[in-house]
Amino acid sequence: MYEFLKKVPLFASMADHDLERLCEMVTEVYLNPGDQLFAEGSPGDKAYIIEEGEIEILKASGERNVLLAVRKSGEVIGEMSLLEAAPRFASGRARTDSKLLAIGHGELDELLNTSPSAAKALLFTITSRLRSTELMLRQSEKMAQLGTLTAGIAHELNNPAAAAQRGTSQLNDVIRQLQEAQIGLSKLSLPPEKWEKLGELNELIRERATNHMDIDALERSDREYAMEEWLETQNIPDAWEYAPTLVDLGISEAELGSLADDFSTEQFIDVIAWMGASFNVSTLLEEINQGSERISEIVKSLKSYVYLDQAPIQAVDVHEGLNNTLVMLRHKLKEGVDVKRDYEEGLPKIQAYGSELNQVWTNIIDNAVDAMNGKGEIGIKTHQNGEWITVEIEDNGPGMPEDIQEKIFSPFFTTKAVGKGTGLGLNISYKIIEKHSGEIKVYSKPGKTKFLVNLPIDFQQVKLGSTPAMNSNNTNDDKLRSILESTKTIAVVGISDKSDQVNHTVPQYLQSQGYKIIPVNPALDEVLGEKAYSDLLSIEEPVDVVEVFRRNEAVPEIVDQAIEIGAKVVWMQEGVINEYAAETAREAGLEVVMDTCMRATHKRLWAKS
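Notes on the structure in this doc start here.

Analysis parameters
- Residues numbered from 1 in each chain as written.
- Predicted model: local features only at pLDDT ≥ 70, side-chain atom pairs only at ≥ 80, totals over all residues.
- Heavy atoms only, no water.
- Phe/Tyr/Trp six-rings, centres within 6.5 Å; stacked < 30°, edge-to-face > 60°.
- Helix = DSSP H or I, 4+ residues; strand = E, 2+ residues; numbered from the N terminus.
- Buried < 20%, exposed > 50% of the residue type's maximum accessible area, 1.4 Å probe, protein only.
- Salt bridge = Lys/Arg side-chain N within 4 Å of Asp/Glu carboxyl O.
- Contact = heavy atoms within 4.5 Å.
- Pairing = 2+ DSSP bridges.
- Core = buried A, V, L, I, M, F, W, Y, C linked by side-chain atoms within 4.5 Å.
- Axes fitted to C-alpha atoms, helices over the stretch in contact; angles between N-to-C directions.
- Parallel < 35°, antiparallel > 145°, perpendicular 65-115°, else oblique.

### Regarding the packing of aromatic side chains
Turning to step 1, where the next piece is worked out: Counted by the stated rule, this structure contains three aromatic pairs.
Turning to step 2, where the next piece is worked out: Centroid distance Trp230 to Phe268: 6.2 Å. Interplanar angle 80 degrees. Geometry classified as edge-to-face. Highlighted residues: Trp230 in helix α7 (residues 217-233) and Phe268 in helix α10 (residues 265-306), separated in sequence by 38 residues.
Turning to step 3, where the next piece is worked out: Its relative accessible area of 17% is what places Trp230 among the buried residues.
Turning to step 4, where the next piece is worked out: Measuring from centroid to centroid gives 5.8 Å for Tyr353 and Phe459, while their planes differ by 35 degrees, and the two rings are tilted. In this pair, Tyr353 is assigned in strand β11 (residues 350-353) and Phe459 in helix α16 (residues 459-464), connecting sequence segments 106 residues apart.

Next comes the structure, spelled out in structure tokens:
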């Protein structure tokens, strides 16, 4: 064992006594072909050195396993899960008779602490594996998504195609009936005024075929029964066959009675037969037309979704991309998901990789549907903020814990069951938005999860420095000016009495501009000539704006107090960003400004005046 480990790069530089001690700590594991070494999702409690044989590394993706790699003698496996104390992100299975050496968490820690060369070799191994694994899984993720979309499109195309095919096959019989009815009419030698009457009736039939009456089953049954009885009183043969068609036509017994007065009984029988056949032909033609239009709509949406035969970077209509994505996912949405769209009119087109942005919308919406188990509500909202546009996609699913929100854009991180996700969908989305010089954020709590995507109108100008970076507060200058003009009192949470600190100089400046400053700091008695309060709830007068100079994790409690005292605005100073707290404030009706210096904003806006 010693001689074998000495040849493994990870242990080659270890001191002899350390290596000898390692030999005493490892345990031997023997596997037959097909035996599982560890399962995806299981605890990562050991790493393994392959002494003999081959181990397949498999990743479940949908209904299939993706072969990531085949590890051979001298290679180390399972070390990433062991180091992170995280579940296995893939499975290990013996391809041949195999012998492995197992090393536990404590032993691996000791190895890395005592051997810098081993730590360096392990770091190199991990990074190279991450690159190769991510590349392979990205390709697998794209193929899986393509398969899902293809299946959905096939399902969507099947219904209108089947309707058109069914209508075509039925049309042959109905046209024959219409021809026979027309021959019967032609034998009646009707005068011109009666042909004119039939012409008017034909127009009514064509109009009713495209605008079917919407009545419930019980009312329809009652009408058909009444129509059948009336036809029998008129001695119309096969009254039961004509009654449903005449009800669909929306013609009443009184209207038929008026028509019967214009024709003899023999003529009326032929007119009824002609009406039924003519209506059925028009109805089937309408069904075929609707099916063909639906197929054309799906094909057009698919072509736009993938931006077929178009340049990689182009002027993209975000609304069109979102709508096309909804068409592609309609098979998942129509069962129990209500989609509400709130699009800002006149939203400009943006320079973007269109098909890649559609991949972002697909990942977010698809995840939302899965999170809601296929039943719930998704809201999509867009608006412009200067040289940027914002897309908000919100669902009313169970939400995500706050600690998970910090990880969802990380590669391989997934909250789905084993085999249901690779953990790359949102990571791919993150990188696509990053590629567009934009930003993607998530806010979640039980009953509400919102993804906010900010995109520059021209991302190439952002890279050249011609477009200002996106302001996290997502508030335009008009709104900022309105806030500052309507504000009289500002409660400054986290104010300092040290004159060289920004949390002193900013409120000092605002005080010099005529604002009433209310200091909030439990460690102080007085600042800027004003009494200091321990918290917002202790303040005895109305507060317009709560200005926050505190760490991000302290902001939610401050927001709760701001809501309780009836403040109008929460203003988080530059560097303070808490989307969770901001959304809570917005839901309570407060204005929110984030990551923005109030002094700098005041100077900038009033310099324009």
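Resuming the write-up.
### Some thoughts on the pattern of salt bridges
Turning to step 1, where the next piece is worked out: Going through the model one piece at a time under the given rule, you end up with 24 salt bridges.
Turning to step 2, where the next piece is worked out: Each member of the salt-bridge network shares a partner with another, and the members are Glu392, Glu394, Glu439, Lys441, Lys445, Lys448, Lys450, Glu579, Glu583, Arg586 and Glu587.

### Considerations on the environment of Gly92
Turning to step 1, where the next piece is worked out: Within the secondary structure, Gly92 sits in strand β7 (residues 91-94).
Turning to step 2, where the next piece is worked out: For Gly92, a relative accessible area of 0% puts it in the buried group.
Turning to step 3, where the next piece is worked out: A sequence separation of 21 residues divides Gly92 from Arg71, and the C-alpha atoms of the two residues are 9.5 Å apart.
Turning to step 4, where the next piece is worked out: Residues in contact with Gly92, not counting those within four places in the same chain, are Asp35, Gln36, Leu37, Phe38, Ile55, Glu56 and Ile57.

### Points about the pairing of strand β8 (residues 98-104)
Turning to step 1, where the next piece is worked out: In terms of burial, β8 is largely enclosed, as seven of its seven residues are buried.
Turning to step 2, where the next piece is worked out: By the alternation rule, side chains of β8 split into Ser98, Leu100, Ala102 and Gly104 and Lys99, Leu101 and Ile103, which are all buried.
Turning to step 3, where the next piece is worked out: As paired strands, strand β1 (residues 27-31) and β8 are joined by five bridges and run antiparallel to one another. Bridge assignment links Glu28 to a residue of β8, and that residue is Leu101.

### As for the sheet that holds β1
Turning to step 1, where the next piece is worked out: The antiparallel open sheet is built from four strands, whose spatial order is β1-β8-β3-β6. Whereas interior strands pair on both sides, the edge strands pair on one side only; in this sheet they are β1 and β6 (76-77).

### A look at the nonpolar core
Turning to step 1, where the next piece is worked out: Grouped together as the largest cluster of nonpolar side chains are 38 residues, with contacts concentrated most on Ile350, Trp361, Ile365 and Ile378.
Turning to step 2, where the next piece is worked out: Of all the secondary structure elements, the ones that give two or more residues to this core are α11 (318-328), β11, α13 (354-371), β12 (376-385), β13 (388-395), α15 (425-435), β14 (439-445) and β15 (448-456).
Turning to step 3, where the next piece is worked out: The leading source of residues in this core is α13, at seven residues.
Turning to step 4, where the next piece is worked out: With residues near it in sequence (within four places) discarded, Ile350 still touches Gln314, Ala315, Val316, Val318, Leu357, Ile389, Leu455, Pro456 and Ile457.
Turning to step 5, where the next piece is worked out: Ile205, Ile236, Tyr242 and Ile272 belong to the second largest nonpolar core, which has 37 residues in total.

### What to know about the packing of helix α19 (residues 555-564) against helix α20 (residues 579-587)
Turning to step 1, where the next piece is worked out: Following both chains from N to C, one finds α19 and α20 inclined at 10 degrees, their axes separated by 9 Å at the closest point. Considered as vectors, α19 and α20 are oriented roughly parallel to each other. Contact residues: Val555, Pro556, Val559, Asp560 and Ile563 in α19; Ala581, Thr584 and Ala585 in α20.

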